[in-house]
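# Examination of the molecular architecture
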Amino acid sequence: TGFYIATYGLNGNLTSWNKGAEMIMGYTEGEVVGKIDIFQMIPDQVAKSGLMKSMRREILKTGSAESEIDFRKKNGEVFPAYLSASRLRDESGNLMGILAIVQDITERKRAEAALRESEEFSSGLLDNSPNPIMAINPDTSIRYVNPSLERLTGFSAGILIGGKTPYPWWIEGKLKETDREMKELLGKGTKEIEKLFKKKSGELFWVRITTTPEIISGKSRYLLSNWVDITEQKKAGAELRKAKEEWEDTFDAINDFIFITDSTGKVKRVNRSLAALVGKLPGQIAGTQCKELFKCNNSHNGRRKTCSLFRIQNNLPLSEHEVKLEQFGIWVSAQVQVCYGRSGELESLVHVYRDITERKKIEELMLEKQSAEEANRLKSEFVNNISHEIRTPLTSVLGFAETIQRIIRKGKSFDKIPRAVDRIIDSGTHLLSLINDLLDISRIEAGKLELNLEKLSLKSVVDELDFFWNSQFTSKNFNLISEVDHDLPQVMSDRIRLRQILINLLGNAAKFTEKGGTISLGARVDDKGNNLIIRVRDTGIGISQEKQMLIFERFEQIDKSGLMAGAGLGLSISKRLVEMQGGKIWVESETGNGSSFYFTLPVAR
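Cut-off values and rules
Residues numbered from 1 in each chain as written. Predicted model: local features only at pLDDT ≥ 70, side-chain atom pairs only at ≥ 80, totals over all residues. Heavy atoms only, no water. Helix = DSSP H or I, 4+ residues; strand = E, 2+ residues; numbered from the N terminus. Expected span 1.5 Å × (residues − 1). Buried < 20%, exposed > 50% of the residue type's maximum accessible area, 1.4 Å probe, protein only. Arc of directions from axis to C-beta. Contact = heavy atoms within 4.5 Å. Pairing = 2+ DSSP bridges. Axes fitted to C-alpha atoms, helices over the stretch in contact; angles between N-to-C directions. Salt bridge = Lys/Arg side-chain N within 4 Å of Asp/Glu carboxyl O. Patch = residues over 30% accessible without salt bridge, like charges linked within 9 Å, V, L, I, M, F, W, Y side chains within 5 Å. Areas by Shrake-Rupley, 256 points an atom, 1.4 Å probe, with all protein chains shown as cover. Phe/Tyr/Trp six-rings, centres within 6.5 Å; stacked < 30°, edge-to-face > 60°. Lys NZ or Arg CZ within 6 Å of the ring centre and 35° of its normal. 1 Å grid on protein atoms, 1.4 Å probe; cavity = no way out; pocket = protein on both sides within 12 Å on 5 of 7 lines; lining within 4 Å. Points joined across faces, edges and corners; volume = space filled by probe spheres on them. Nonpolar A, V, L, I, M, F, W, Y, C, P; charged D, E, K, R; others polar. Core = buried A, V, L, I, M, F, W, Y, C linked by side-chain atoms within 4.5 Å. Polar contact = N/O pair within 3.5 Å; in protein donor to acceptor, adjacent residues only side chain to side chain.

### Focus on helix α4 (residues 51-62)
Helical periodicity: at 3.6 residues per turn, an α-helix aligns residues three or four positions apart in one direction. With 12 residues, α4 extends 16 Å between its outermost C-alpha atoms, agreeing within 8% with the 16 Å of an ideal straight helix rising 1.5 Å per residue. Taken as a whole, α4 has its buried residues at Met 52, Met 55 and Ile 59. One side of α4 holds all its buried residues, which, seen down the axis, span an arc of 60 degrees. In α4, those exposed residues whose orientation departs by more than 90 degrees from the buried face are Lys 53, Arg 57 and Lys 61. As for α4, its buried residues are in contact with β3 (64-72), β4 (78-89) and β5 (95-104).

### Some thoughts on the sheet that holds strand β22 (residues 595-602)
Judged by pairing direction, the sheet is mixed, and its five strands sit side by side in the order β17-β19-β20-β22-β21 without closing on themselves. Two strands lie at the open edges of the sheet, namely β17 (479-483) and β21 (585-589), each paired on one side alone. The mean angle between the axes of side-by-side strands here comes to 15 degrees, regardless of whether they run parallel or antiparallel. Alignment of β21 against β22, held across five bridges, turns out to be antiparallel.

### A look at the pattern of salt bridges
Enumeration according to the criterion identifies 30 salt bridges in this entry. Across the pair Glu 177 and Lys 195 runs a salt bridge, and its minimum N-O distance is 3.4 Å. Here Glu 177, found in helix α9 (residues 175-188), pairs with Lys 195, found in strand β8 (residues 191-198); they are 18 residues apart in sequence, far enough to count as distant. Lys 195 gets classed as buried once you look at its relative accessible area, which sits at 7%. The salt bridge involving Asp 463 is made with Lys 459; its shortest N-O contact spans 3.6 Å. Here Asp 463 pairs with Lys 459, and both are found in helix α18 (residues 458-463), just four residues apart, close to one helical turn. Where salt bridges share partners, they join Glu 91, Lys 244, Glu 248 and Arg 269 into one cluster.

### Focus: unusual backbone geometry
Here the residue pair Thr 165 and Pro 166 is connected by a cis peptide bond, since its omega of 0 degrees sits within 30 degrees of zero. On the secondary structure map, Pro 166 appears in the loop between α8 (157-160) and α9. If you check the backbone angles, Thr 140 has positive phi at about 75 degrees while not being a glycine. Along the chain, the position of Thr 140 falls in the loop between β6 (133-136) and β7 (142-145).

### So, the environment of Thr 403
Among the secondary structure elements, Thr 403 is positioned in helix α16 (residues 357-410). Residue classification places Thr 403 among the partly exposed residues on the basis of a relative accessible area of 22%.

### Examining a nonpolar patch on the surface
On the surface, a cluster of nonpolar side chains totalling about 210 Å² of accessible area is made up of Leu 10, Leu 60 and Leu 95. The residue Leu 10 is located in the loop between β1 (3-8) and β2 (14-17) in this model. On the basis of relative accessible area, Leu 10 is assigned to the partly exposed category, the value being 39%.

### Focus on the packing of aromatic side chains
For the coordinates displayed, the defined rule picks out 12 aromatic pairs. Here the aromatic rings of Trp 247 and Phe 251 are separated by 4.8 Å at their centres, their planes lie at 15 degrees, and the arrangement is stacked. Here Phe 251 and Trp 247 lie together in helix α10 (residues 231-253), a separation of four residues that amounts to about one turn. The exposure class of Trp 247 is partly exposed, given its relative accessible area of 42%. Through a chain of ring-to-ring contacts, the aromatic side chains of Tyr 167, Trp 169, Trp 170, Phe 197, Phe 205 and Trp 227 assemble into a single cluster. Directly above the ring of Trp 331 sits Lys 360, whose terminal nitrogen or CZ lies 4.5 Å from the centroid. It is Lys 584 that lies over the ring of Trp 586; its NZ or CZ is 5.6 Å from the centre.

### Quick notes on the layout of surface pockets
Here the second largest pocket is characterised by a volume of approximately 920 Å³. If you trace the second largest pocket, you find 23 residues lining it, with Thr 7, Thr 15, Ser 16, Leu 88 and Met 96 closest to the centre. Every element with two or more residues in the lining of the second largest pocket is listed here: β1, β2, α2 (29-32), β4, β5 and α10. Split by residue class, the lining of the second largest pocket holds six nonpolar, nine polar and eight charged.

### Quick look at the nonpolar core
Among the nonpolar cores identified, the biggest contains 37 residues, and Leu 458, Leu 498, Leu 502, Leu 505, Ile 534, Phe 597 and Phe 599 are the most heavily contacted of them. The set of elements that each furnish at least two residues to this core consists of α18, α20 (495-511), β19 (518-525), β20 (531-538), α22 (570-580), β21 and β22. Top element by residues in this core is α20. It accounts for seven residues. Other than its neighbours up to four places away in sequence, Phe 599 contacts Leu 498, Ile 501, Leu 502, Leu 505, Leu 532, Ile 533, Ile 534, Val 578, Lys 584 and Ile 585. If you look at the next biggest cluster of nonpolar residues, it comprises 28 residues, including Trp 17, Ala 21, Ile 36 and Ala 81.

### As for the side chain of Thr 178
With respect to the secondary-structure elements, Thr 178 resides in helix α9. A polar side-chain atom of Thr 178 sits 2.7 Å from the main-chain carbonyl oxygen of Lys 174. In this structure, Thr 178 is in contact with Trp 170, Lys 195 and Phe 197, ignoring residues within four places of it in sequence.

### Looking at the sheet that holds strand β15 (residues 346-355)
Across the sheet, which stays open at both edges, the five strands sit in the order β12-β11-β15-β14-β13 with antiparallel pairing between neighbours. Taken across any chain shown, the strands that pair with only one partner, and hence form the sheet edges, are β12 (267-270) and β13 (321-325). Neighbour-to-neighbour, the strand axes of this sheet turn through a mean angle of 30 degrees, independent of strand direction. Bridge count for strand β14 (residues 330-340) against β15 is nine bridges, and the pairing is antiparallel. Residue pairing for β15: Gln 337 is matched across the bridge by Val 350. α10 contacts β11 (257-262) and β12 of the sheet and is inclined by roughly 80 degrees relative to β12.

This is the structure we're talking about:
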């Protein structure tokens, strides 16, 4: 078509390059975009003349500029061109570059040169021009039309020559406007306009008209008008605008929250749904950093989990994820589509956030229901266990009490009475321990359990457990090992509660260790010297990984067969007591390989 369109950044570098440019200049888009500026496409003498800088100032000042200028092709060939440039703005009205329309006016220049050398037309040159050309006298009468113009309009030269305005291709209803523009062309000389005309067949077409006055002896003798058919270009532009409008309508109609960011995380565009959520107009959000818009968690782990740009920059896979937008009080399912440029560089990211708040509420209700059901199950198990735990010693107490009663009534030998009394005391002690556990867990959960923290020696507390070792462990012939030294630093603890923790852990070890097994109690200072780590180790049945996650919960038992006595409160109480004293408790175990329970207490200062 003899012209091309290109866009330039504010620094002069090319940012786009159409097919017409490739045909005229000889460069492919990949060779020039982002790599060559406009000054490398003009001869040195033109660059030094300052014409381009002058045009740039004019564009920034008035919005557009135009001039005839020489360009240099890839093969070194220099050709004259008509350059029409205007400011290019983004949707927010910000200046982003310059739109340049460059028309190769080599043929026109040749025609003009021929006309200046002689008043006679070089009919061969004009007649063979691919562009429609006409010459107009100062009185608007047509002096000459070439075959290209005849073919385009459908009107023959015989009909057109000598005819004055309005010309037959002018459109009814726009005659005054076109006539005014025609007079301006005659008065101002070189000018470029785009007009919609009508062929003889009635078909409408668009042309870009460039006019140049032919001056002989100081007077304008006629006006040379060069046309370029831009009908297809206009259609493509209209289709592009329509497609853009349809895309924008669809983009804004989607209920999901959608926004587009550039490679730095800056928001380029948002849809109406997101704008309504934020409470701003779309244009007010554009330019905001994504992390500021959503008050993102800027910690490394937070960005690793939710920030798509962070994951791309660190070569981490993208995946759909759920995140709570705290400032809006909603949950969303987040997806992202990455867009790369032709050179493979990251260009933009399209984020789609779907509101899943209602689904999350349902899930939370389901979890609450499951938790309630689990609590009811545990409560039922606890009631069954506690009933058994209470019934067994009570039955023993009543049984032996009745035995004593019969002995006394019948006056039989009293030899059996001490043994019966021992059994009654054991059963009563068990009942008292059970009741104390229930009272302790109740006071802990109500926040009413008070501790008497003091500096004390772990060794002294262990020594107080001799009665426990003797009464609990002798019958099963355990190998008992105490590795608690006198020189360990004192700890800040409640003596009674520390003893209770140790008894619970040692009692558990005894319960789940076979006769003849080994149970050891040891302690050491941690690497930083801040805490004493106390360990109870056994060679018993061990605990599975699944059970290790639960054993410190209320009413949870390692053995659910009912063969091992217990209400499932000892470890839960121990955990609470350790934590109340500033420590922590954990277990290391494998099924069949025994267990090691550890807890820490702060070293006294």
